[in-house]
Amino acid sequence: MPPDRRSIGQVLKILVDEFPDISISKIRFLETEGLLSPERAPSGYRRYSEADIKRLRYILDVQKNHYLPLKVIREHLDLIDQGLDPPSLETPVPEPDLTPAPVTTGPTLASGPNPGKRPIHVTRRDLLRLSGLSDAALVELERHALVVPRRGTIFYGRDALMVAVAARKLAGYGMDARHLRAIKQAVEREVGLIDQAVNTGARRGQASRQAASDIMQLVMHVHAAILRQSISH
């Protein structure tokens, strides 16, 4: 191996003191996400240059100290690849209002999907703290688009927090992000049905937003009822 190239194990030793949660699997995950592109020896082993290590250090730093999601990190790296400076991260992100909201046992037809609940905007750091998830577990949820920040921001909403908390609890029953992905796929099919019904209602002169809310509530009730019936039988 050339003297300016290092194996993945050597890279791990260089960075582990600065980033204790780093692992070979995490480095390989970042590579599969297209954030790293080390050279490959004819044998297939990865060879990391000093530039690769610098890039990896940047990724780990903004994850650890600024809690940026992979999508935003990828945008920063694209700028760096173009010879441009990434956005400054020195200005702290405002601390969100995390006052607990009332908890309900389920949706109600009259009051909407989140009765009495104020919107929340939490950073990745807050999401990890409030949910109790490990960084690796959150990365896996993000990989499957099960937990995503609000569109166009780096903040996560109440639904993302609920999914993160549920994912941590379900992990104790042997359910991981791959299993939750199956739930997401079922939801996406239900969304297709809701969209179809909303479009039908719009042609009849019904307000689309109200129709979407009403249909969503009904679908949620049917979903929960069928699930309970299936489990009890």
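Residues numbered from 1 in each chain as written. Predicted model: local features only at pLDDT ≥ 70, side-chain atom pairs only at ≥ 80, totals over all residues. Heavy atoms only, no water.

Visitor: Now, about the overall build of the protein chain: what can you tell me, with residues and values included?
Guide: Counting secondary structure elements, the protein chain contains nine helices and two strands. Per-residue burial for the protein chain yields a buried fraction of 30% across its 233 residues. Sequence separation of 24 or more characterises 58% of the internal contacts of the protein chain that already satisfy a separation of 6 or more. Put simply, the protein chain shows about 14900 Å² of open surface, and 56% of that area lies on carbon and sulfur atoms. (Helix = DSSP H or I, 4+ residues; strand = E, 2+ residues; numbered from the N terminus. Buried < 20%, exposed > 50% of the residue type's maximum accessible area, 1.4 Å probe, protein only. Contact = heavy atoms within 4.5 Å. Areas by Shrake-Rupley, 256 points an atom, 1.4 Å probe, with all protein chains shown as cover.)

Visitor: So what about unusual backbone geometry? Which residues, and what values?
Guide: A positive phi angle is found at Ala145, which is not glycine, with a value near 60°. Given the relative accessible area of 34%, Ala145 is considered partly exposed.

Visitor: Which residues make up the side chain of Ser131, and what values do they have?
Guide: Position of Ser131 relative to the elements: it lies in helix H5 (residues 124-131). If sequence neighbours within four positions are ignored, Ser131 has contacts with Leu161, Ala164, Val165 and Arg168.

Visitor: Please give an account of the side chain of Arg5 that cites residues and values.
Guide: Along the polypeptide, Arg5 turns up in the segment before helix H1 (8-15). When its relative accessible area of 18% is taken as the criterion, Arg5 is described as buried. For Arg5, the side chain forms a polar contact with the side chain of Glu39, separated by 3.0 Å. In this structure Arg5 touches Gln10, Glu39, Arg47, Tyr48 and Ser49, once residues within four positions along its chain are discounted. (Polar contact = N/O pair within 3.5 Å; in protein donor to acceptor, adjacent residues only side chain to side chain.)

Visitor: Give me the packing of helix H2 (residues 24-32) against helix H3 (residues 50-66): which residues, what numbers.
Guide: In contact at an axis separation of 12 Å, H2 and H3 are set at 100° when each is read in the N-to-C sense. By the angle class used here, H2 and H3 are roughly perpendicular. Judged by residue contacts, Lys26, Ile27 and Leu30 of H2 engage Leu56, Ile59, Leu60 and Gln63 from H3. Tallied by class, residues from the contact of H2 with H3 come to five nonpolar, one polar and one charged. (Axes fitted to C-alpha atoms, helices over the stretch in contact; angles between N-to-C directions. Parallel < 35°, antiparallel > 145°, perpendicular 65-115°, else oblique. Nonpolar A, V, L, I, M, F, W, Y, C, P; charged D, E, K, R; others polar.)

Visitor: Give me the nonpolar core: which residues, what numbers.
Guide: Grouped together as the largest cluster of nonpolar side chains are 22 residues, with contacts concentrated most on Leu15, Ile27, Leu30 and Leu56. Mapped by element, the contributors of at least two residues to this core are H1, H2, H3 and helix H4 (70-81). If you tally residues by element for this core, the top one is H3, at five residues. Beyond its immediate chain neighbours, meaning those up to four positions away, Ile27 contacts Ile8, Val11, Leu12, Ile22, Leu36, Tyr48 and Leu56. Among the nonpolar cores identified, the runner-up in size contains 17 residues, and Val122, Leu138, Tyr156 and Ala177 belong to it. (Core = buried A, V, L, I, M, F, W, Y, C linked by side-chain atoms within 4.5 Å.)

Visitor: I'd like a rundown of H4, residues and numbers included.
Guide: For H4, with 12 residues, the first-to-last C-alpha span of 16 Å sits near the 16 Å given by 1.5 Å per residue. Among all positions in H4, only Leu70, Val72, Ile73, His76 and Leu77 are buried. All buried residues of H4 lie within an arc of 160° about the axis, which places them on one face of the element. At its buried positions, H4 is contacted by H2 and H3. Directly beyond the C-terminal end of H4, a positive phi value near 80° is found at Gly83. (Expected span 1.5 Å × (residues − 1). Arc of directions from axis to C-beta.)

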